[in-house]
Amino acid sequence: MKSVRFLCALLCVLMLLPLYGCQKDPVSVDVMLVENGEAKLYIQLPAETPQQILYAKDRLCFYVQKLTGATPECGTEPVTGRPVLTLGNEIDEQSRELAEEIFDEELGDVFRIFAAEQKITAVAANDAFLYDAVDYLIGKMSYDEGTNTLKLQGVLDTTAAGDVTSLRYMFTQSTVVGSESVMQSTLPFHPGADGVLGTDDDVKGTQGGCIVGNYQYQCIIKTDKESNQMNNITYVAKYDLVAKETVMYSELLQLNHANDMTYNQKTGELVIVHNAPRGKMLTFMDPETLQVTRTATLPVSVYAISYNETRDLYVVGVSGGQNLRTITADFQYAGKKTFYATETTKHYTTQGIASDDTFIYCVLYDSLHAGASNMQNVITVYDWYGKYVGTIHVDVDKLEPENISIVDGKITVLAYRPRKGGSLFDIKLTGPKAVESKK
């Protein structure tokens, strides 16, 4: 009887132990990610890496690089003798077991992290949540600036909810995401009653613009059709988003159609796209003084531009369609790849673009259905790997959207409001939408 009771007790103990394959119970770890400025971490990815896992990998690599100057090595083959982070559910036995645990227990929209010794494993119920897992890991890191050393410390054994409100996740559920547009303010056309600038009623076309800090910088043009827009005149307004008033205007400039604008954080300059008829030309401006600082020439005619500081790259909308190209900081092609546009928006009118570290956002005007009940303005979204990801439906009071800004994950669109100026709208995502099947 004693032996039977002993075996029963032993069986109960074994059943209570977590099933982590050959791994031990979770213990406090001290993983050296970067030591004295040298990257130690290896990120192991699936052999055919899904886009969502690439986004998570980028998030971690960009964070480490910005903080330390070192970039972790990434690959699909296993390595030994160094710290390893596996991202994905099907990389090795450990990741497969942890992933099965998530689904077997029906935990829902979660990610799972487990670490022992020098091995960190991250799995998720949806690949989009691996980005959230990386954010969790970043929160556990400690950095010593004096030695330029980055560590991952503590007990890493957690299951947590993924972010189902992220655009990354929504685009795994549908290629179309809905939104509501909330107007925050309207920028006036003219500088005021002093008559110095913009007194002509024709100087009223809102075109390129972007948000920098608490300001919207906005190009306002007077079109000269006879010269094919060569003799357009433009001024740039600086609008305070907090005080809700225009605080400065540039002198009158020849910026042609002035179709888009971005901000280069590294040089501290506004960058304005001329578009027609000087499609390759850029003009740079000091955001404090609104004085022109220089010009540059691109290798291709463009209608829109966005600068990404993390990648130190521009992305441009290529004139004559909706395709995109990446451009280096010294205005050369960044590789040979064209980001081909989706055919779903081929009848739309191109406007401005914006970007963050993961996505490129192109706001488009449904000019074909302008004023009709079925008018549907959109934002098409691509990633930095050149893949079309999906489309956001936007309303903006059924006005013509002109430019778009992405600041700290917040989407803002400026739309032309006839006889009043340009209205700024916050775009609030409402969730995935059902996609109508083609008959």
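Residues numbered from 1 in each chain as written. Predicted model: local features only at pLDDT ≥ 70, side-chain atom pairs only at ≥ 80, totals over all residues. Heavy atoms only, no water.

Trainee: I'd like a rundown of the sheet that holds strand 14 (residues 233–240), residues and numbers included.
Mentor: Strand pairing in a sheet takes place through backbone hydrogen bonds and is either antiparallel or parallel in direction. Taken together, four strands build an open sheet; the order of strands is 12-13-14-15 and the sheet is antiparallel. The sheet is open, and its two edges are formed by strand 12 (205–212) and strand 15 (245–249), each paired on a single side. On average, each strand axis in the sheet is inclined to that of its neighbour by 30°, with strand direction left out of account. As judged from the six bridges shared by strand 12 and strand 13 (residues 215–222), these two strands associate in the antiparallel manner. Within strand 13, the residue paired with I211 across the bridge is Q216. (Pairing = 2+ DSSP bridges. Helix = DSSP H or I, 4+ residues; strand = E, 2+ residues; numbered from the N terminus. Axes fitted to C-alpha atoms, helices over the stretch in contact; angles between N-to-C directions.)

Trainee: Explain the nonpolar core residue by residue, including any values.
Mentor: In this structure, L60, L87, Y361, I379, I392 and I404 are the most contacted members of the largest nonpolar core, which totals 57 residues. Among the elements that make up this core, the one with the highest residue count is helix 4 (residues 129–139) (seven residues). Setting aside anything within four residues of it in sequence, one finds I404 in contact with G352, I353, A354, Y361, V363, I379, I411, T412 and V413. (Core = buried A, V, L, I, M, F, W, Y, C linked by side-chain atoms within 4.5 Å. Buried < 20%, exposed > 50% of the residue type's maximum accessible area, 1.4 Å probe, protein only. Contact = heavy atoms within 4.5 Å.)

Trainee: Outline the packing of aromatic side chains, supporting the account with residue identities and numerical values.
Mentor: Scanning all chains against the criterion turns up 10 aromatic pairs. Aromatic pair F111 and Y136: ring centres 6.2 Å apart, planes at 55°, arrangement tilted. Remark: Y136 occurs in helix 4 and F111 occurs in strand 6 (residues 110–116); sequence separation between them is 25 residues. In this structure F111 comes out as buried when scored by relative accessible area, which is 3%. Through a chain of ring-to-ring contacts, the aromatic side chains of F284, Y307, Y314 and F331 assemble into a single cluster. One Lys or Arg, R294, reaches over the ring of F284 and ends 4.0 Å from the middle of that ring. (Phe/Tyr/Trp six-rings, centres within 6.5 Å; stacked < 30°, edge-to-face > 60°. Lys NZ or Arg CZ within 6 Å of the ring centre and 35° of its normal.)

Trainee: Provide a residue-level description of a negative patch on the surface, including the pertinent values.
Mentor: Taken together, the side chains of E90, E100, D104, E105 and E106 present a region of like negative charge at the surface. Mapped onto the fold, D104 is located in helix 3 (residues 93–104). According to the relative accessible area criterion, D104 is exposed, its value standing at 63%. (Patch = residues over 30% accessible without salt bridge, like charges linked within 9 Å, V, L, I, M, F, W, Y side chains within 5 Å. Areas by Shrake-Rupley, 256 points an atom, 1.4 Å probe, with all protein chains shown as cover. Salt bridge = Lys/Arg side-chain N within 4 Å of Asp/Glu carboxyl O. Lys, Arg positive; Asp, Glu negative; His and termini not counted. Charge placed at Lys NZ, Arg CZ, Asp CG, Glu CD.)

Trainee: Let's hear about the pairing of strand 7 (residues 119–124): which residues, and what values?
Mentor: Burial analysis of strand 7 places six of its six residues in the buried class, the great majority of the element. Residues K119, T121 and V123 of strand 7 are buried on one face, and the alternating residues I120, A122 and A124, pointing to the opposite face, are buried as well. Of the pairings in the sheet, the one linking strand 5 (residues 84–87) to strand 7 comprises four bridges and is parallel in character. What sits directly across from L87, in strand 7, is A122. As consecutive antiparallel partners, strand 6 and strand 7 are separated by two residues, and within that stretch E117 has a phi angle of approximately 55°, a positive value.

Trainee: Can you lay out helix 2 (residues 51–68) for me, pointing to particular residues and giving the numbers?
Mentor: In this model helix 2 runs 26 Å from its N-terminal to its C-terminal C-alpha over 18 residues, within 8% of the 26 Å that 1.5 Å per residue would give. If you check which residues of helix 2 are buried, you get Q52, I53, L54, Y55, A56, K57, D58, L60, C61, F62, V64 and T68. Backbone geometry just downstream of helix 2 places G69 in the positive-phi region, at approximately 85°. (Expected span 1.5 Å × (residues − 1).)

Trainee: Describe in detail the environment of Y361, supporting the description with residues and values.
Mentor: Tracing the chain through its elements places Y361 in strand 24 (residues 359–365). Along the sequence, Y361 and D383 sit 22 residues apart, while their C-alpha atoms lie 8.8 Å from each other. Excluding residues within four positions of it along the chain, Y361 makes contact with L167, G352, I353, A354, S355, D356, I379, T380, V381, I404, I406 and I411.

Trainee: Pulling in residues and values, what's your account of the sheet that holds strand 19 (residues 292–297)?
Mentor: Taken in spatial order, the four strands of this open sheet run 16-17-18-19, and their pairing is antiparallel. Looking at strand neighbours, the two that pair on one side only are strand 16 (260–264) and strand 19, the edges of this open sheet. On average, each strand axis in the sheet is tilted by 25° relative to the strand beside it, whichever way the strands run. Where strand 16 and strand 17 (residues 269–273) come together, five bridges link them in antiparallel fashion. Residue M261 lies in a different strand from strand 17, and its bridge partner there is I272.

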